[in-house]
Amino acid sequence: MWKKKTALLLILLLVFVSGCGGKEEEKDAAPSPTPEHMEAPVIQGDGDLAETAKAVMSVYADELSIVSSRSFDNLTYAIPVSAINQFIQDATASGEAPSDGYYRFSWTQGGDYTYETTVDDAPELESVTPDPHDETPMELQLNGDYAVSGGGLFERVRSYEIAETVTRGRMEISDTLNGEMTGHEYFSFSVRDGDLYFVDATLNITIDMSGKEIQDGFLTAVGVLRADSLEILECLYTDPEQFPDPAKMNWAQFIAEAKPLTRLSAQGENVTFSP
């Protein structure tokens, strides 16, 4: 859900080039290879914090392995481990220590990523047509004159409040480009009676044809991970106040009322995805 407007333009131009070649007879397309599933997510790192997290997540390792071996498109099952790994990495790099039973800190990354590119950077674009159905090439005098620039000052801030037992907590990630928000993510989790409940919400930003950003609520994965099962529902919320609280949510009530966009359900080795 990130900004790819200029990159997409250049990719489309390259696609047009490949489509405007000779009129050779098309050959039968080779069968697509079976996609490889992602390896089961595992806690990474060394030290006391990583070892604590490994002990917490070891209970769910077998079920995560089963789900990962059957999933090629829906990767929501990797969210809890990925978030905890990011926390461990930032806490270790920053040298943070817990206080009153919690790690509370922020970690900032960023830099100037301004760029500019021209047709000269890709000479083969001379033959590109603005419309894949129009075989008239772009006029050659545009070569060297057509420039695209973008990027700017990017900053990402990750804020944490996570128990030193790694059994509950939350993190928030904010992205800005030239001072304007380009991304926002919330992650929270709670281990209750051996079950790990979690919520991961990402600001759903799209760009229309005019280049205007449209914020359409938060795409939110809500799940419960158990030693022998996993359920994750992806829902759309308009406001963070609507997010379920992993520390309090009643799972049966939640699934009875939710209107999911997608759903992952796993009971042992029986794994289903819908739609």
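Residues numbered from 1 in each chain as written. Predicted model: local features only at pLDDT ≥ 70, side-chain atom pairs only at ≥ 80, totals over all residues. Heavy atoms only, no water.

**What about the pairing of strand 11 (residues 270-274)?**
So, step 1. Alignment of strand 10 (residues 262-267) against strand 11, held across 5 bridges, turns out to be antiparallel. In the strand pairing of strand 11, Ser 265 is matched with Thr 272.
So, step 2. Between strand 10 and the antiparallel strand that follows it, strand 11, lie 2 residues; Gly 268 among them carries a positive phi value of about 65°. (Pairing = 2+ DSSP bridges. Helix = DSSP H or I, 4+ residues; strand = E, 2+ residues; numbered from the N terminus.)

**Quick word on the pattern of salt bridges**
So, step 1. Enumeration over the complete set of coordinates arrives at 8 salt bridges.
So, step 2. We note a salt bridge from Arg 70 to Glu 269, for which the minimum N-O separation is 3.8 Å. Taken together, the positions of Arg 70 in helix 3 (residues 61-70) and Glu 269 in the loop between strand 10 and strand 11 put the pair 199 residues apart, joining distant regions of the chain.
So, step 3. For Arg 70, a relative accessible area of 35% corresponds to the partly exposed category.
So, step 4. The class of Glu 269 is exposed, set by a relative accessible area of 57%.
So, step 5. Residue Glu 161 pairs with Arg 170 through a salt bridge whose shortest N-O separation is 3.2 Å.
So, step 6. According to the relative accessible area criterion, Arg 170 is partly exposed, its value standing at 45%.
So, step 7. Among the ionic contacts, a cluster of salt bridges with common partners joins Arg 104, Glu 161 and Arg 170. (Salt bridge = Lys/Arg side-chain N within 4 Å of Asp/Glu carboxyl O. Buried < 20%, exposed > 50% of the residue type's maximum accessible area, 1.4 Å probe, protein only.)

**So, the confidence of the model for the protein**
So, step 1. In the predicted model, the protein carries a mean pLDDT of 82, and the fraction of residues at 70 or more is 73%.
So, step 2. Of the regions scoring below 50 in pLDDT, residues 1-27 engages in 31 contacts with residues more than four places distant in sequence or in other chains.
So, step 3. Taken together, the stretch residues 138-142 has pLDDT below 50 and engages in 6 contacts with residues farther than four places along the chain or on a different chain. (pLDDT = per-residue confidence, 0-100. Contact = heavy atoms within 4.5 Å.)

**Quick notes on the pairing of strand 9 (residues 229-237)**
So, step 1. The buried count for strand 9 comes to 8 of 9 residues, which makes it a mostly enclosed element.
So, step 2. Bridge count for strand 9 against strand 10 is 6 bridges, and the pairing is antiparallel. Within strand 10, the residue paired with Leu 230 across the bridge is Ala 266.

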